[in-house]
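Fold and contact review
Read off the chains here:
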Amino acid sequence: MHPLRLTVNGTPHDLKIDPRVSLLDLLRENLAMTGSKKGCDHGQCGACTVIVNGRRINSCLSLAVAHEGDEVTTIEGMADGEALSPLQAAFVKHDAFQCGYCTPGQICSATALLDELKRGEPSVVTKEKVELIDEEIRERMSGNLCRCGAYNNIVDAIMEVAEART
Amino acid sequence: MSEHEFKGLIGQPLDRVEGPLKVSGRATYAADWRGDKPHLIGFIVESPVAKGRIVSIDTKAAEACAGVEAVVTHENTPKQIPFGERAKGGRFAQSHAMMRTDAIRHLGYPVALVVAQTFEQARHAASLVRCEIAAEDGVFNPEKHEDQAVKPDELDGTPEVDTEAGDFEAEYGKAAHQVEGEFHTPSQHAAAMEPHATVAQWDGDKLTVHMSIQILGDGRKAFANTFDIDPEDVRIVSPYIGGGFGSKLGVHNEAILAAHGAKLTGKPVRIAQHRRNVFSNGPHRPRHRQRLKLGADANGKIVAIDHATLSIMARDYPFAEAAASPTRASYATKAMRTSHRVVEGDIPKADSMRAPGEAVGTLTFESMIDELAHSCGVDPVEFRVRNEPEKDPHSGKPFSTRKMRRCLQEGAEKFGWKGPVSRREGDWLIGHGMAAAIRPNLMQEAEAEIELSTDGHLTVRLDMTDIGTGTYTILTQIAAEAMGVAPEHVTVKLGDTDFPETCGSGGSFGAGSTGTAVFEAAKALKDDLLKRAAKADSEWKGTNSKELRIDGANIALGNRSLPIAQLGDGSGGISAKGAAKPGKEYKTMAQYSYGAQFAEVAVDAVTGEIRLRRLTGVFDAGLILNEKTARSQLMGGMIFGIGAALMEESLMDERYGAFMNRDLAEYHVAVNRDVPRLDVHMIEGFDENSNPLGSKGIGELGICGAGPAIANAVFAATGHRVRKFPIHMEDLLEHLPAIG
């Protein structure tokens, strides 16, 4: 067993874990936080997306022991008690999900995306500078599959929150 | 629009009532459920061959691993009824025995299940299981084994395997315009975001499973028929399902294996299929070869239709996809012939995937109709309008409603249709195409219970499921409108076999069937409340329950009011049940929902890359129960159509019977950037022949017509017809304009 100290949604954890455990399985199995979902376990679907030190990552592709001292934010850390975050509320309003399985990953991804936009980080579709257009959101959210096909509504939800921020 | 009584909540774009749970990670899907005892974790060891017998299996090294509590093989599985037996209740209810004998059913079939304390332990130990198999030759490609093709006993959804009306050869022979083509559509996987998952636990002979399943009632029978136990001793719980699309209609391999593991260890066992498992331990849509011959007269009227399909069926698993069935209801014609043949193969279960039959049938048929319209020199929209049937061309029955013309005409208007436009913008070849959509409207039996508590809160219970379709929300709306309360005074509980049995989710029959059951339960509750009120207070005698409302902790009618607490027997709430079943209109009429879809594609003139730029769909599905969730479902269907046209195919290595692209990097589904703004319109309507709510199925309609509209647009852009799906850039390369 391997010692690991990290912070999840502001709560510090001091753990001893099997070094084979992925960050996703650490959350789901060791910490019983099942909001982050396992869709492929290969970094292909994005359902497990969490935010580590301010950046979104696929938690299934990362061994937990590689996160010594890291700050992890998951879907469980988005709401303030019963008060949903602006993105969470916008997802409900715009029907940006159907089955809901990819949703925790979509929302974690979108939350980090808003910060990427704020920092002006370009994507493959960026021309001169980052603009708040559909194409930017669609490109940046293409690592999060949604088989129910809520893509248009996901873009609407993110746009609404992004526009309110600018 | 027909007049109807629903003027309140039904139809409103209410936000999903379970939305806050889903956006905060608190909705518990099967693999999220924890319970009070720790779960053991199961990991499947898959067969590397498709057909054969296990000669020996060595589990010693696996058993010696830390944390391993059991290794299940065919040598120690509990008593099971042979796979496929007890099939009277259909394929979902039959025995789904796993590892009962040494026989391998398909590549990826489980040869062992390793059960350990943790996932990591189970996965590692599974890698140490050694299995020697005497392999035999298998059947994987129906065309290579066409000599073994048989007429199936029945098709999915209809007993009519072949049909013939009029003299096809004579009519086709003298037709002024003849087109024919051979199409290939591939195997596809539903690829729901949530892989199949089950937690099983035995308490003596009683089995409790938390799993991801669309139809609980059949699933319960499947466990009972597999383990030879009473269905009453099986409880299935499935409150949230991470997408189904047909792939979770029944139980799949991990469910039975989890029950095996739980039996052997005496502890709860959880198995979540990993993504590669899903491609062989879950179902898939089978591949088809479809041959079409169509004839029209000099006036552009269709005179002859022939649609013959060849597909594959998994051995001992009776699912034959009815790809030519939508053809039967599409256009007026003098003669029509349809047929279906299948070859039994050594493949994973072939089964329903969203719009089984229609999705692949309209893909090819509506492409061929486009060719015929071109051959006749008639605009494809006008051609379809011209050939609209007045009654069902196959059965001769009247249509309950048929708004195809309106869908076509409104679609053309919304899209700005000016014929199959073809133009060049720089290096992009632009094309417009369209297609019609049709999907049978079904109704199934369902029951529901509604309970009114003394404080005026309503709880609705039924074993229906919400697979992302919006069931929680529409049933809330129906109960709230029927009882005259605000939606926050209604709680809908789904996905538990302890609740009244329903048809579950499938075939787009869920909303209409279970919505009707809830509506009937509410009516029964109102009648009962009024009877109780008359007993409590004679002034209430002779009043009409239609106007009865719940007002806080009282029932109210006009200016009368009575506390609910005075109506019961003091033991708590008052409950009533309601039931739904298909009416005679399902026998006397042809019932369908309709649509028309219009696509603009851009094809790179140099590389052949295909980009969908616009997709407009106009649909008629009777009364829309929730404008927001219905629109979402239609969009989801349209995106499945994009996948069918341009992306999705499960490729098999036919030397071994192995699906090769067994993950989401290689099985391509549309991603956000593949999907442009979808333009969705719903025609207001009310089909009184469908059910008391006037609604029709909507979940599968959107996929119909989307694929062929895109294919027809690719033709308009390039002048080339591709008769295999999905259409890839390499299919177009030789047909692009010369460079320079």
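Residues numbered from 1 in each chain as written. Chains lettered and ligands numbered in written order. Predicted model: local features only at pLDDT ≥ 70, side-chain atom pairs only at ≥ 80, totals over all residues. Heavy atoms only, no water.

**Comments concerning the overall build of chain A**
- The helix and strand tally for chain A stands at 5 helices and 5 strands.
- Along chain A, helices and strands appear, N-terminal first, in the series β-β-α-β-β-β-α-α-α-α.
- Along the longest, intermediate and shortest principal axes, the C-alpha atoms of chain A span 50 × 35 × 30 Å.
- By residue count, 58% of the 166 residues in chain A fall in the buried class.
- In chain A, the proportion of contacts linking residues at least 24 apart, taken out of those at least 6 apart, comes to 57%.
- As displayed, chain A has an accessible area near 6600 Å², and 51% of this comes from carbon and sulfur atoms.
- With 17 positive and 24 negative side-chain charges, chain A shows a spacing of 2 Å between the two charge centroids. (Helix = DSSP H or I, 4+ residues; strand = E, 2+ residues; numbered from the N terminus. Buried < 20%, exposed > 50% of the residue type's maximum accessible area, 1.4 Å probe, protein only. Contact = heavy atoms within 4.5 Å. Areas by Shrake-Rupley, 256 points an atom, 1.4 Å probe, with all protein chains shown as cover. Lys, Arg positive; Asp, Glu negative; His and termini not counted. Charge placed at Lys NZ, Arg CZ, Asp CG, Glu CD.)

**Here's the deal with the overall build of chain B**
- Along its length, chain B carries 16 helices and 29 strands.
- Over its C-alpha trace chain B gives a radius of gyration of 27 Å, about what one expects of a compact globule, namely 27 Å for 740 residues.
- The principal-axis extents of the C-alpha atoms in chain B amount to approximately 85 × 75 × 50 Å.
- Per-residue burial for chain B yields a buried fraction of 64% across its 740 residues.
- Summarising the internal contacts of chain B: among those between residues at least 6 apart in sequence, 80% fall at separations of at least 24.
- For chain B, the exposed area adds up to about 25900 Å²; of that, 47% sits on carbon and sulfur atoms.
- Looking at chain B, you have 84 positive and 101 negative side-chain charges, and the mean spots of the two groups are 1 Å apart. (Rg over C-alpha atoms; globule rule 2.2 N^0.38 Å.)

**Thoughts on the interface of chain B and chain A**
- On the chain A side, the residues contacting the 59 residues of chain B number 52 residues.
- Roughly 4600 Å² is buried in total at the junction of chain B and chain A, and carbon and sulfur atoms are behind 52% of that figure.
- In this assembly, chain B and chain A are joined by 11 salt bridges.
- For the salt bridge of Arg677(B) with Asp156(A), the shortest nitrogen-to-oxygen distance reads 2.8 Å.
- Between chain B and chain A we count 35 residue pairs in polar contact (both at pLDDT 80 or more) in total.
- Secondary-structure elements contributing two or more residues to the side of chain B that touches chain A are α1 (19-23), α3 (119-126) and α14 (627-646) of chain B.
- The element that contributes the greatest number of residues to the side of chain B that touches chain A is α14(B), accounting for 8 residues. (Buried area = accessible area lost by both parts, 1.4 Å probe. Salt bridge = Lys/Arg side-chain N within 4 Å of Asp/Glu carboxyl O. Polar contact = N/O pair within 3.5 Å; in protein donor to acceptor, adjacent residues only side chain to side chain.)

**Remarks on the domain arrangement of chain A**
Residue and element names in this part refer to chain A.
- Under the domain assignment, chain A is made up of domain 1 (2-77) and domain 2 (86-165).
- For domain 1 and domain 2, the distance between their C-alpha centres works out to 22 Å.
- Taken together, the contact between domain 1 and domain 2 spans 17 residues of the former and 19 residues of the latter.
- For the pairing of domain 1 and domain 2, the buried interface totals around 1400 Å² over both sides, and the portion due to carbon and sulfur atoms is 52%.
- Among the residues of domain 1 in contact with domain 2, Arg55, Arg56 and Ile75 are the three that bury the most area, contributing 43% of the side total.
- Where domain 1 meets domain 2, there are 2 salt bridges.
- Residue glutamate 121 pairs with arginine 55 through a salt bridge whose shortest N-O separation is 2.9 Å.
- In this structure, the connection of domain 1 to domain 2 is made through 8 residue pairs in polar contact (both at pLDDT 80 or more).
- Elements supplying a minimum of two residues to the side of domain 1 that touches domain 2: β3 (49-52) and β4 (55-58).
- The element that contributes the greatest number of residues to the side of domain 1 that touches domain 2 is β3, accounting for 3 residues.
- Class assignment for the residues of the side of domain 1 that touches domain 2 results in 5 nonpolar, 8 polar and 4 charged. (Domains from an automatic or database assignment. Nonpolar A, V, L, I, M, F, W, Y, C, P; charged D, E, K, R; others polar.)

**A few points about the pattern of salt bridges**
All names here are of chain B.
- Across all of its chains, the model carries 74 salt bridges over all chains by this definition.
- One salt bridge connects arginine 384 with glutamate 366, and the closest N-O pair in it is separated by 2.7 Å. Taken as a pair, arginine 384 in helix α9 (residues 380-386) and glutamate 366 in helix α8 (residues 358-376) lie far apart in primary sequence, 18 residues in all. The same class applies to arginine 384 and to glutamate 366, which are both buried.

**A closer look at the domain arrangement of chain B**
Residue and element names in this part refer to chain B.
- For chain B, the assigned domains read domain 1 (19-26 + 445-581), domain 2 (37-137 + 196-281) and domain 3 (378-442 + 587-735).
- Around 1100 Å² of area is buried between domain 1 and domain 3 when both sides are counted, 60% of it from carbon and sulfur atoms.
- The largest share of the area that domain 1 buries against domain 3 comes from Thr469, Gly507 and Ser508, three residues that together contribute 37% of it.
- In this assembly, domain 1 and domain 3 are joined by 0 salt bridges.
- There are 3 residue pairs in polar contact (both at pLDDT 80 or more) connecting domain 1 and domain 3.
- Broken down by secondary-structure element, the contributors of at least two residues to the side of domain 1 that touches domain 3 are α11 (471-483) and α12 (510-536).
- Of all the elements, α12 adds the most residues to the side of domain 1 that touches domain 3, at 6 residues.
- For the side of domain 1 that touches domain 3, the class distribution of residues is 5 nonpolar, 9 polar and 1 charged.

**Thoughts on the packing of aromatic side chains**
- Taken as a whole and judged by the stated rule, the model has 16 aromatic pairs over all chains.
- Centroid distance Phe6(B) to Phe519(B): 5.5 Å. Interplanar angle 75 degrees. Geometry classified as edge-to-face. With Phe6(B) in the segment before α1 and Phe519(B) in helix α12, the pair connects residues that are 513 residues apart, well separated along the chain. You'll find Phe6(B) and Phe519(B) in the same group, each marked buried.
- Three or more aromatic residues joined by ring pairs form one cluster here, namely Tyr101(A), Tyr29(B), Tyr240(B) and Tyr472(B). (Phe/Tyr/Trp six-rings, centres within 6.5 Å; stacked < 30°, edge-to-face > 60°.)

**Examining the sheet that holds strand β2 (residues 11-17) of chain A**
Residues and elements named next belong to chain A.
- If you trace the 5 strands from one edge of the open sheet to the other, you get β2-β1-β5-β3-β4, paired in mixed fashion. Looking along the sheet, the strands with just one partner apiece sit at the ends: β2 and β4. Looking at each pair of strands side by side, their axes are set apart by 40 degrees on average, direction ignored.
- Bridge analysis of β3 against β4 gives 4 bridges, and the strand direction is antiparallel. Bridging across to β4, valine 52 finds its partner in arginine 55.
- Packing of helix α1 (residues 23-30) onto the sheet brings it into contact with β1 (2-8), β2, β3 and β4, and relative to β1 it is tilted by some 80 degrees.
- Strands in contact with helix α3 (residues 103-118) are β3, β4 and β5 (71-73); relative to β3, the strand with the most contacts, it is inclined by about 40 degrees. (Pairing = 2+ DSSP bridges. Axes fitted to C-alpha atoms, helices over the stretch in contact; angles between N-to-C directions.)

**Comments concerning empty space enclosed by the protein**
- In total, this model carries 8 cavities of 30 Å³ or more according to the counting rule given.
- Each pocket or cavity is described by its volume, and for the largest cavity that value is around 320 Å³.
- Forming the boundary of the largest cavity are 26 residues, of which Lys38(A), Ala31(B), Phe119(B), Ala272(B) and Gln273(B) lie nearest the centre.
- When contributions to the lining of the largest cavity are tallied by element, the ones reaching two or more residues are α1 of chain A together with β1 (40-46), β12 (269-272) and α7 (275-281) of chain B.
- Sort the elements by how many residues they give to the lining of the largest cavity and β1(B) lands first, with 4 residues. (1 Å grid on protein atoms, 1.4 Å probe; cavity = no way out; pocket = protein on both sides within 12 Å on 5 of 7 lines; lining within 4 Å. Points joined across faces, edges and corners; volume = space filled by probe spheres on them.)

**Focus: the nonpolar core**
- In terms of nonpolar packing, the biggest core is built from 186 residues, with Phe91(A), Ile158(A), Leu529(B) and Ile555(B) touching the most fellow members.
- At 10 residues, α14(B) tops the list of elements feeding residues into this core.
- Residue contacts for Ile555(B): discarding those within four places in its chain leaves Leu529(B), Ala533(B), Trp540(B), Leu548(B), Arg549(B), Ile550(B), Arg560(B), Ser561(B), Leu562(B), Ile564(B) and Leu567(B).
- Ile54(B), Ile104(B), Phe227(B) and Ala258(B) belong to the second largest nonpolar core, which has 52 residues in total. (Core = buried A, V, L, I, M, F, W, Y, C linked by side-chain atoms within 4.5 Å.)

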